[in-house]
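Each chain, letter by letter, is given below.
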Amino acid sequence: MRQGGSNELFQYWNRLRGTRAAPLRTEIEPSDIRTLLADTFILERDGRGEATFRLAGTRICSHYGQELKGRTFCPLWGHQDQQRMARLSDHVFDQSAVVVLEFDGMTGQGRSVTFETIILPLAGGQEGPRALGAMFPLQKPFWLGADPIVENQLHSFRLIDPDREPLFLANRPEIAVPPLSPDTMEAGLPNSSKPVKKVRHLVVFEGGKAS
């Protein structure tokens, strides 16, 4: 993870879960992450089976120029990425996967800014599963919050096993691990000849970007 806020939220989530796949959603205390609240969100699966914003921080809403509560998550992305984002959301809800995304937020005026987003599963409800996430810009251009983002364009993503991934270990230098590029994916699933192995509840794809 390239943003300190993403790592801080992950470490909080990781402490709460202990040896479990995910912490209970009732264990999340807003006061514990008050410095991150403006950049955090909660997703839930609605009655149609789609990921929807249950809550969204004020800074995130400012980036998009609108209140996101109640809005469907995947349509924020361009058409070519929406099915992939739906599948990634399903991995979080159904498989307790941790997902890290990097994407460009595009404005109607042709400006763009790169964001990092982390999405973390929460346990405690099969009828309406939820996830905790955060979104941080990698740069802070002067126009951000004044020129609303109208579409996200996905750069890369990773499905993480937090028990095995050295990228997340506290007080360790970050290890360069190539992300999985959307260009290597078909219908939201890896399409690669690289070896695949199971690690606990996640699938880990070996190697870097496919050609």
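Residues numbered from 1 in each chain as written. Predicted model: local features only at pLDDT ≥ 70, side-chain atom pairs only at ≥ 80, totals over all residues. Heavy atoms only, no water.

(A) Quick peek at the nonpolar core. Counting 32 residues, the largest nonpolar core has Phe73, Leu101 and Ile119 as the members making the most contacts within it. Elements with a minimum of two residues in this core: β1 (40-45), β2 (51-56), α2 (58-64), α3 (79-95), β3 (98-107), β4 (112-122), β5 (130-137) and β6 (149-160). Excluding anything up to four places from it in sequence, Phe73 contacts Leu43, Ala51, Thr52, Phe53, Met85, Ser89 and Ile119. With 18 residues, the next largest nonpolar core counts Trp13, Ile42, Val98 and Val100 among its residues. (Core = buried A, V, L, I, M, F, W, Y, C linked by side-chain atoms within 4.5 Å. Buried < 20%, exposed > 50% of the residue type's maximum accessible area, 1.4 Å probe, protein only. Helix = DSSP H or I, 4+ residues; strand = E, 2+ residues; numbered from the N terminus. Contact = heavy atoms within 4.5 Å.)

(B) A look at the pattern of salt bridges. Within the structure shown, the criterion is met by 10 salt bridges. Here Asp39 and Arg59 are joined by a salt bridge, their closest N and O atoms 2.8 Å apart. Of this pair, Asp39 sits in the loop between α1 (4-17) and β1 while Arg59 sits in helix α2, placing them 20 residues apart in sequence. Residue class for Arg59 comes out partly exposed when judged on its relative accessible area of 40%. The salt bridge involving Arg84 is made with Asp81; its shortest N-O contact spans 3.0 Å. Here Arg84 pairs with Asp81, and both are found in helix α3, just three residues apart, close to one helical turn. (Salt bridge = Lys/Arg side-chain N within 4 Å of Asp/Glu carboxyl O.)

(C) Spatial organisation of the pairing of β3. With nine of 10 residues buried, β3 is to be regarded as a mostly interior element. In this structure, β3 lies alongside β4, joined through eight bridges in antiparallel fashion. Bridging across to β4, Val100 finds its partner in Ile118. Counted between consecutive antiparallel strands, the loop separating β3 from β4 contains four residues, among which Gly110 sits at a positive phi close to 85°. (Pairing = 2+ DSSP bridges.)

(D) Structural view of the pairing of β4. Burial runs high along β4: 10 of the 11 residues are buried. Alignment of β4 against β5, held across eight bridges, turns out to be antiparallel. Bridge pairing in β5 places Glu116 opposite Phe136.

(E) Spotlight on the sheet that holds β1. Strand order in the open sheet formed by six strands is β2-β1-β5-β4-β3-β6, with antiparallel pairing between adjacent strands. Each of the sheet's edge strands pairs with one partner strand only, and the pair in question is β2 and β6. Averaged over all pairs of adjacent strands, the angle between strand axes in this sheet comes to 30°, irrespective of strand direction. Across the face of the sheet, α1 comes into contact with β1, β3, β4 and β5 while running at roughly 0° to β4. (Axes fitted to C-alpha atoms, helices over the stretch in contact; angles between N-to-C directions.)

(F) Layout of the packing of aromatic side chains. Scanning the entire structure with this criterion turns up seven aromatic pairs. Arranged with centres 5.7 Å apart and planes meeting at 35°, the rings of Phe10 and Trp13 form a pair that is tilted. Of this pair, Phe10 and Trp13 both sit in helix α1, three residues apart, which is roughly one turn of that helix. With a relative accessible area of 0%, Phe10 lands in the buried category. Measuring from ring centre to ring centre gives 5.3 Å for Phe103 and Phe115, while their planes differ by 15°; the resulting arrangement is stacked. Pair noted here: Phe103 is in strand β3 and Phe115 is in strand β4, with a separation of 12 residues, a long-range link. As far as the burial class goes, Phe103 and Phe115 line up, both buried. Ring pairing ties together the aromatic residues Phe41, Phe53, Phe73, Trp77, Phe103 and Phe115, which thus form one cluster. (Phe/Tyr/Trp six-rings, centres within 6.5 Å; stacked < 30°, edge-to-face > 60°.)

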